[in-house]
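Remarks on the overall topology
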Amino acid sequence: MKLFKIRGGIHPEDRKLLSAEEPITDLPLPPLLHIPLQQHIGAPATPAVRRGRQVAKGQLLAHNQGQLSAPVHAPTSGRIVGIGSFPAHHASGLNVRTISLQPDGEDRWSDAIEGVADPFALTPEEIAARVSAAGIVGMGGATFPSAVKLNLRQRYRLHTLVINGAECEPYLTCDDRLMREQAAAVIDGIQIMAYALGVSAVLIGIENNKPDAQRAMEQAARPYARIRVVHLPTRYPMGSEKHLVQTLIGRETPARGLTADVGVVVHNPATAFAVHEALRYGRPLVSRVMTITGGAIRRPGNVRVPLGTPLQYLIDHCGGFRVEPARLISGGPMMGQPLPSTRVPAVKGSNGLLALSADESKRGEAKPCIRCTNCVRACPCGLLPLEMAARARTGDLEGVADLGLMDCIGCGSCAYVCPSHIPLVQYFNYAKGELAARGRTRQKQIETKRLAEQRAQRMEAIQRAKREAMAQRKRAAA
Amino acid sequence: MSDRHLVAGPYAHGGASVSRTMGLVMLALIPATLFGLWQFGWPAIFLFTVTIAAAVAAEAISLRIAGKPIRPFLTDGSALLTGWLLALTLPPWAPWWIGLVGSLIAIVVAKQIFGGIGQNLFNPAMVARVALLISFPLEMTTFVTPTPLFSSVAPDFPAGLDITFGTVESQVRFDAVTSASVLGHVRSELGQGLSLPQSLPADYSALRGVIGTVPGSLGETSALLILLGGLFLLYMRVITWHIPVAMLSAIALPAGLMHLLDPGQFTDPILHLVSGATLLGAFFIATDLVTSPLSARGQLLFGAGCGLLVFAIRTWSGYPEGVAFAVMLMNACTPLIDHWVRPRIYGRDRKGVPLEPGDDAERPGRLD
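What you see is a predicted model, and the numbers here were worked out from it, not measured in a lab.

The subject of this paragraph is the domain arrangement of chain A. All names here are of chain A. Taken domain by domain, chain A consists of domain 1 (16-287) and domain 2 (366-478). Averaged C-alpha coordinates put domain 1 and domain 2 at centres separated by 33 Å. Contacts between the two partners involve 5 residues from domain 1 and, on the opposite side, 5 residues from domain 2. A class-by-class count of the residues in the side of domain 1 that touches domain 2 yields 3 nonpolar, 2 polar and no charged.

Take a look at the structure:
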C-alpha cells in the first residue's frame, strides 16, 4: 500500500528488546488496590458503593458523571476498605478521590456479568452504550472515553477505522505483545468497533520494528476483506493520531479539528481488546497490559495488571530495582510523565512503567541555542520550536501562541535532537498552562462583568418600577 | 534528582551537542586547511596558529568579563572554529597582527558584544574579514604564489618566522613571490580595459583552480578539498543542501548568462565557482547556523541572495571578491526572512488558517 510522507520525526533508539520477548504474565493479586475515580479525560466518576461492602469482580464501583466520563469497576472481588483521597497517577502527586479495595483472593466475577452472543445484532448505539458502561477509555494513554468516539458517526461522515499499533514510543511493548498473543480477540474487537462506526475500511498500522505483531494480525485478519494490516516505517512520532492518519490516507487533519474531520476514527489495539471483552463476555475494563521496563528494572516484562495496583507491587513482581532508578516514568521516555512515587496505582491509561537508570536518562546542561534548526527539521507539525522557546522564556505568551503553540503535540522530537539540551517541551508546557490559566481568568472576568451588568439592569428595573408605583400612588392620592 | 518531579520529557536524547556540531565542521575543514598550510608553508602555519590562539584567548577573556562560566563555553569549540574560519580567509603570509586583530574583532565585537554564542547577527569571521579588508587593504590583498613546504622556493622555519612576526622590511624581501589572487588579477586587468582572455593570469587553468595550486587566501584555494568537506557536512546533516545549492546556482546562472552574452567582459561561471571564497562561503560561511534563516525556504532565499550579491560585487564593484560582503548583507536580512518565511504548520495553510474539513459529498467530513 502506498504510504504518504509526513514531515520531521526522529529515530530514537527503541530499547524494546528489553521486554519485547517477554510474554504477558498475570500479576498475582496485590494485598490492596487503590482505584482512582478519575482515570479518564472528563468528569470523575461518583461512588456507587459504601465502605465495608463486599464486591464481586467487575461490579460497578462508581458511576460515570455525564457523557464525557467513565465508570469504574472492581478489578477483583473483595471488600471496600475506604473511599477517600490517595496520591494520583500523575506528576503532581496530588490526591484524588480513590476507592480502596482489599481483595478476598477468590477473584470471583459478578453474576450480573453477561456477554452478547452476537454483537452485530445490536444497533451501533447499543454497542456504544455497552462500551461506555464497561468503562472503556483510549488505552494508548489519552484515556478519552471510547464510547464518545464510537458515537462520532452521528456527527461525521466516516469511512475508515484506523488501529494505532504503531507503538512508536521507545521501550514500550505492551501493544506489541497484545497483538501477538491476542490477535484474534483484538481483531474481533476491531470488527465490532468498525460495525459500530459504520466504516467500510479498517487499516491497522504497525511499525516495521514489530514484524511478529504484523504477521499475527495479518493472519487473524485474513478472513475479513475490509481489514488491512499496514507496515509503517519505524519513525517517531508515527503513533501521533493525526500523523498516522496522514501517513495512511494522505489527508491532513485541520488544525484544532479531529481526525473525524477527514472521515477517520483512530483506536488503540488495547482498546479493541477491551471492547471484545466487554461485548463478548460482558467484562468491564478492570485490568490492562503494562510494560514494566527500563535499565533499573531487574526483570523487565509485560504484565496484565489489575487497575489500582500500587506500582511498587509491580516493581517487586519484576524483581525490584537492579540499580537505584534516576527517573520513574509513566509511559514512554518521549511523552511519558514523571511519577512522584511508587505508591501511586496503575490506571486505565498506564501503558508502561519506566525506571530509567542514571546513564539512560542523563540530560545535559542546557546551553544557549545555536539556531542549528535541528528542532525545525524534527518537528512533525511544521513549527519553529527554538523561536517558541525563546518567546516563552521572555514571558511573551501571545508570541508563543502566534507561532502555533496550540498546534504543538508535545511529542518532544525537538528536545530529543537539540544539541544545546534546551528543555523545549518544558517551555511549551509552561506556556500552554499559563495560557490556559489566563483564558480561565479572562472567562471569569467576562462572566463576572456580565453578571454585574445584569444585576445593575435588574436593580434599575426595580427602582424604575418603584418610582412608577410611587408616582401612581401620588396620582391616586391626589 | 532535584528536577525529578519538575522537568518535562523527553527523557531520552539523541546525543547531539554543540561541541560535536562544531567538531564536525572542523573535521570537514581539515583537508583544505592542511593543503593550505602545506602549500603556503611556515608563515601560513604561524598565522593560522596566532589567529586561532587569539580567538580562543579573546573568548576566554570576554567570558570572564561577562561573568559567564568559562569552561563549558570555551569547550564548545565555537571560538576555535571562528578563529579557524577567519584564518582560512586571510592572505597566508599576512603579518601576525592581522590574525590577532581579526580574531579580536570576530570574537569581541561580532560575537561577545552581541551576547555570545547564538546571539550574533553577523557571521563573526566575516565581520572580522571585512573590517580587516577596509582597515588594512595592503596586507589583506597581498597574496603569494604557492611555495609548498620543504620545496626549494619555500621559506624555511626562521625565514617563516621573519615573514609572520618580522618587520615590514623583512616582508618586502619576499616581494619576489607576491602575486595577486586570480580574481584580483582579472579585476585589475579588466579595469584597465583589457578583455577577459587577456586578463587571466598566463598560467591559469580551471584545473589548477580546482586543485588549488593558485595564489589566494590560506584555505580557500582548493575547490576540490573544500567541496569534499562540504559534502561531508551534508552527509553528517550538520547543514542542509538549501544554502549551498541556492548560493552556487545564484552565482553560476547570472555569471553563465553574462558570459554567454559577452565573453570578453564577463568571467566564466567555472572561474566564479572555483576561485575566491565561493565554495568556502557556500558550504562553511553562509551556512553558519546562527546567522542563517531557519526554514528551508528561507534558506533558499538567503543562499540565492548571497550568490547574487557575490556575483554583483565581483562584477560591478571595486572589490574583486564579495563573499564576505554578500554574506554579511544577507545576515542582516535573516531576521526579516525568518519573520516572513515560516514553515507551514500541520493542519493549516500557509497563512495559518485551519484547513477545510471534508468539503463535498465525495469527501468525508462533518455532517452539518
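What follows picks up the thread again.
Attention now moves to unusual backbone geometry. Residues and elements named next belong to chain A. For the peptide bond that leads from Y236 to P237, omega is -5°, which places it in the cis range. Its location among the elements puts P237 in the loop between β12 (227-232) and α6 (241-249). Although it is not a glycine, D107 sits at a positive phi angle of roughly 50°. Along the chain, D107 turns up in the loop between β8 (95-103) and α1 (124-133). The backbone of T373 sits at a positive phi, close to 65°, despite the residue not being glycine.

Below, the discussion takes up the sheet that holds strand β2 (residues 33-36) of chain A. Remark on secondary structure: sheet strands pair via backbone hydrogen bonds, oriented parallel or antiparallel. Residue and element names in this part refer to chain A. Reading across the sheet, the 4 strands line up as β2-β8-β7-β4 and stay open at both edges, with antiparallel pairing between neighbours. Since the sheet does not close on itself, it has two edges, and those belong to β2 and β4 (54-55), each with one partner. As paired elements, strand β7 (residues 78-87) and β8 share 9 bridges and run antiparallel to each other. Bridging from a neighbouring strand, I83 pairs with I99 of β8.

For the rest of this paragraph, the subject is helix α9 (residues 182-191) of chain B. Residues and elements named next belong to chain B. What α9 keeps buried is the set V182, L183, V186 and R187. One face of α9 carries all of its buried residues, which in axial projection span an arc of 130°. The elements touched by buried residues of α9 are α10 (196-199), α11 (206-211) and α16 (296-316).

Let's shift gears to the sheet that holds strand β17 (residues 337-338) of chain A. Residue and element names in this part refer to chain A. One open sheet holds the 6 strands; their spatial order is β1-β15-β14-β18-β16-β17, and the pairing between them is mixed. On the outer flanks of this sheet lie β1 (24-26) and β17, each paired with one strand and no other. The sheet contact formed by strand β16 (residues 327-330) and strand β18 (residues 352-356) spans 4 bridges and is antiparallel. Paired with S330 across the strands is L353, a residue of β18. Lying over the sheet, helix α3 (residues 174-181) contacts β1, β14 (287-293), β15 (301-306) and β18, oriented at roughly 125° with respect to β14.

Let us look at the pairing of β8(A). Pairing of β2(A) with β8(A) involves 4 bridges; the strand directions are antiparallel. Each residue of the ladder has a partner; that of A:P36, found in β8(A), is A:T98.

A few words on the interface of chain B and chain A. Taken together, the contact between chain B and chain A spans 41 residues of the former and 61 residues of the latter. Mapped onto the side of chain B that touches chain A, the elements with two or more residues apiece are α1 (18-66) and β3 (365-366) of chain B. Of the residues contributing to the side of chain B that touches chain A, the split by class is 21 nonpolar, 12 polar and 8 charged.

What counts as what
- What you see as residue numbers is a count from 1 along each chain, following the sequence as written.
- Naming scheme: in the order in which they are written, chains are lettered from A and ligands are numbered from 1.
- Totals for whole chains, interfaces and linings use all residues, but because this is a predicted model, local features are given only for residues with pLDDT of at least 70 and pairs of side-chain atoms are given and counted only at 80 or more.
- The domain limits used here are those given by an automatic or database domain assignment.
- What counts as a contact here is a pair of residues whose C-beta atoms, placed from the backbone, lie within 7 Å.
- Each residue gets one label: Ala, Val, Leu, Ile, Met, Phe, Trp, Tyr, Cys and Pro are nonpolar, Asp, Glu, Lys and Arg are charged, and the others, such as Gly, are polar.
- Secondary structure elements follow DSSP: runs of H or I no shorter than four residues count as helices, runs of E no shorter than two count as strands, and numbering proceeds from the N terminus.
- Note: two strands are recorded as paired if DSSP finds a minimum of 2 bridges between them.
- Note on burial: count the other C-beta atoms lying within 10 Å of the residue's C-beta; 20 or more is buried, 12 or fewer is exposed, in between is partly exposed, and C-beta positions come from the backbone.
- Summarising the geometry, the arc corresponds to the directions from the helix axis toward the C-beta atoms.
- Axis definition: a line fitted to C-alpha atoms, over the contacting stretch in the case of helices. Angles run 0 to 180 degrees between N-to-C directions.

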